[in-house]
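# Breakdown of the fold
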Amino acid sequence: MDYIKKSLEQIRENNPHEEEFLQAVEEVFLSLGPVFEKHPEFEKANILQRMAEPERQIKFRVSWEDDNGNVQVNSGYRVQFNGAIGPYKGGLRFHPSVYIGIIKFLGFEQIFKNALTGLPIGGGKGGSNFNPKGKSENEVRRFCEAFMKELYRHIGPNVDVPAGDIGVGAREIGLLYGEYRRISGSFDAGVLTGKGLTYGGSLVRKEATGFGAIYFVEEMFRYNNIKLEGKTAVISGSGNVALYAAKKATEKGIRVIAMSDSDGYVVDESGIDVDLMINLKEVNRKRISEYAKERPSATYHEGWEGIWDTVCDIALPCATQNDIDIEKAKKIVAAGTKFVIEGANMPTTNEAMRYFLDNGIIVGPAKAVNAGGVSTSALEMAQNSMKYSWTFEEVDAKLKEIMVNIHTHSVEASEEYGYGYNLVAGANIAGFLKVAHAMIAQGIY
Ligand code: NDP
């Protein structure tokens, strides 16, 4: 434990003001005590400080012209965190809150998540503080083109393969890919994932993170001998992850009773009409308040934070980081919720996570739960390099198998290192071991 504490102190000193990154590092490293007791070679190799330092970190200027002819400037980022088990892989986030601490937290989490998938992908992440909200189609296009004008020189099918995240969906990936192709003059489909189906995308990629999350929940319930059908769920967010988690959950007989966006949330005790929600939020880019106008059984409430007042069996935070703090965690536990399933990345503060675990809540951690997205991205890369496409059913079956395997490996690691059925510790340990062994085998880098 001394080595872990000393490493954390050093990492805090080296990365001041990067709160989200330090939170993510602490969350992983503090679960590794029993691993370091069994494996002295990791301390000898100073593996923790090496893992917490990105292999490469790029910050660049993105200048673009708005519709009024004014030149706007944003910051662009790509952090190539760890390439020990494969090319860097991780999404791009366009959101005004983006700064290096957010990109590093996401890139760091990605290392272990990607290792858990069992596929050969390293960890990376990127993005910009650009806010796509309120921008015209032409402005979004000009921004994406300007962003790729710099990013292209740092990526490649065997180097670094970005995808989407908050604010980067099918539209943005299409524009980014078009610009990459224009600059490179080559159809390197494997350079980006989340592409459209007509130009190298994979079936199931759009649905993959949400579907994968529910496959993981299904496996958790099966393993614990608990019936899933008839349970109620609250899902925060109404973006890519939330919508497809809601769709698969509904298919499995779970009643989704509330969803949110960054303005407010809707409660619909009769069960969210997921097709209506997808039509409003994904197809027409409307606000969630519109849902309550079209659905008499639903009520709209201003402010996204209130969603956790809704009583449910399963809480599924699928919006953004630090959605659930200690106050909300106490409400969730007091309301009788027994399962917290992290669809978003780090949606629970470390204090709230400790509270959940101390109070017997079964937590599905983000690294495991939302790994279906990057897994299907890796399946997209595999199809691109074969120049061949699998059917929906084939990709879906592979996704399901990957999610079941992630659960199994997390349980095995948790039990082996004395944590019992603790998927949070198990996912951290299983992901860590794979990357640590690969790093040591490759010498000092
Ligand atoms: P989207 O941009 O599609 O949706 C995000 C949703 O969360 C929207 O409903 C948005 O509201 C809401 N939201 C975003 N920021 C805030 C905020 N600060 N406060 C309140 N609500 C907010 O993103 P994704 O669904 O792709 O991503 C959601 C989470 O899942 C993120 O943590 C992401 O890193 C993670 N993730 C995503 C994967 C993917 O494949 N897409 C893969 C693995 C993880 P509004 O509609 O108002 O913008």
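Residues numbered from 1 in each chain as written. Predicted model: local features only at pLDDT ≥ 70, side-chain atom pairs only at ≥ 80, totals over all residues. Heavy atoms only, no water.

### Considerations on the pattern of salt bridges
Tallied over the entire structure, the rule returns 31 salt bridges. K38 serves as the salt-bridge partner of E416, at 2.8 Å between the closest nitrogen and oxygen. Here the residue E416 occupies a position in helix α17 (residues 392-416), and K38 occupies one in helix α3 (residues 33-38), the gap between them amounting to 378 residues. The partner of R295 in a salt bridge is D268, and the shortest N-O contact between them spans 2.8 Å. (Salt bridge = Lys/Arg side-chain N within 4 Å of Asp/Glu carboxyl O. Helix = DSSP H or I, 4+ residues; strand = E, 2+ residues; numbered from the N terminus.)

### Thoughts on the sheet that holds strand β8 (residues 264-268)
Taking strand neighbours across the sheet as the criterion, the 7 strands line up as β9-β8-β7-β6-β10-β11-β12 in an open arrangement whose pairing is mixed. The sheet is open, and its two edges are formed by β9 (298-302) and β12 (362-364), each paired on a single side. Averaged over all pairs of adjacent strands, the angle between their axes in this sheet comes to 15 degrees, without regard to strand direction. As paired strands, strand β11 (residues 339-341) and β12 are joined by 3 bridges and run parallel to one another. (Pairing = 2+ DSSP bridges. Axes fitted to C-alpha atoms, helices over the stretch in contact; angles between N-to-C directions.)

### Side note on the packing of helix α10 (residues 240-251) against helix α11 (residues 274-283)
The geometry of α10 relative to α11 is characterised by a closest axis approach of 10 Å and an angle of 170 degrees between their N-to-C directions. In terms of orientation, α10 and α11 fall into the roughly antiparallel class. Contact residues: L243, Y244, A246, K247 and T250 in α10; V274, D275, M277, I278, K281 and E282 in α11. Of the residues assigned to the contact of α10 with α11, the class counts are 6 nonpolar, 1 polar and 4 charged. (Parallel < 35°, antiparallel > 145°, perpendicular 65-115°, else oblique. Contact = heavy atoms within 4.5 Å. Nonpolar A, V, L, I, M, F, W, Y, C, P; charged D, E, K, R; others polar.)

### So, the domain arrangement of the protein chain
Each assigned domain of the protein chain is listed here: domain 1 (1-53), domain 2 (55-187) and domain 3 (208-369). The C-alpha-based centres of domain 1 and domain 2 are spaced at 27 Å. Of the residues lining the interface, 14 residues belong to domain 1; the matching set on domain 2 comes to 13 residues. For the pair domain 1 and domain 2, the two sides together bury roughly 1,000 Å², of which 65% comes from carbon and sulfur. Among the residues domain 1 hides against domain 2, the three largest losses belong to E20, F21 and M51. Together they make up 46% of the total. (Domains from an automatic or database assignment. Buried area = accessible area lost by both parts, 1.4 Å probe.)

### Quick notes on the sheet that holds strand β3 (residues 88-94)
The strand order across the open sheet formed by 5 strands is β1-β2-β4-β3-β5, and the pairing between neighbours is mixed. The open sheet has two edge strands, β1 (56-65) and β5 (160-163), and neither has a second partner. Averaged over all adjacent pairs, the angle separating strand axes in this sheet is 20 degrees, with direction ignored.

### Observations concerning the nonpolar core
Membership of the largest hydrophobic core comes to 103 residues, with the highest contact counts inside it found for F29, L32, F36, F108, M259 and F432. Discounting chain neighbours no more than four positions away, the residues touching F29 are I4, L8, I11, L48, M51, A52 and F108. Membership of the second largest hydrophobic core comes to 23 residues, among which are W64, F130, A146 and L176. (Core = buried A, V, L, I, M, F, W, Y, C linked by side-chain atoms within 4.5 Å. Buried < 20%, exposed > 50% of the residue type's maximum accessible area, 1.4 Å probe, protein only.)

### A short note on the side chain of S375
Tracing the backbone shows S375 in helix α16 (residues 371-386). Judged by relative accessible area, S375 falls into the buried class, the value being 0%. In this view, S375 contacts T117, L119 and I402; residues no more than four positions away in its chain are not counted.

### Looking at the side chain of D261
Relative to the elements of secondary structure, D261 occurs in the loop between β7 (255-260) and β8. Looking at D261, the relative accessible area reads 8%, which means it is buried. At 2.9 Å, the side chain of D261 forms a polar contact with the backbone nitrogen of D263. With near-sequence residues (within four places) excluded, D261 lies in contact with S238, K281, R287, I288 and W304. (Polar contact = N/O pair within 3.5 Å; in protein donor to acceptor, adjacent residues only side chain to side chain.)

### A look at the site of the ligand
The full set close to the ligand counts 26 residues, and D165, T209, S262, R287 and N345 are the nearest of them. Within the side chain of R205, one N or O atom sits 3.1 Å away from an oxygen atom of the ligand. Out of a free accessible area of 890 Å², the ligand has 86% covered by protein chains. Secondary structure elements with two or more residues in the shell around the ligand: α9 (205-223) and α10. Among the residues making up the shell around the ligand, the classes are represented as 6 nonpolar, 13 polar and 7 charged. When residues of the shell around the ligand are sorted by domain, at least three fall in each of domain 2 (55-187) and domain 3 (208-369). (Near = heavy atom within 4 Å. Areas by Shrake-Rupley, 256 points an atom, 1.4 Å probe, with all protein chains shown as cover.)

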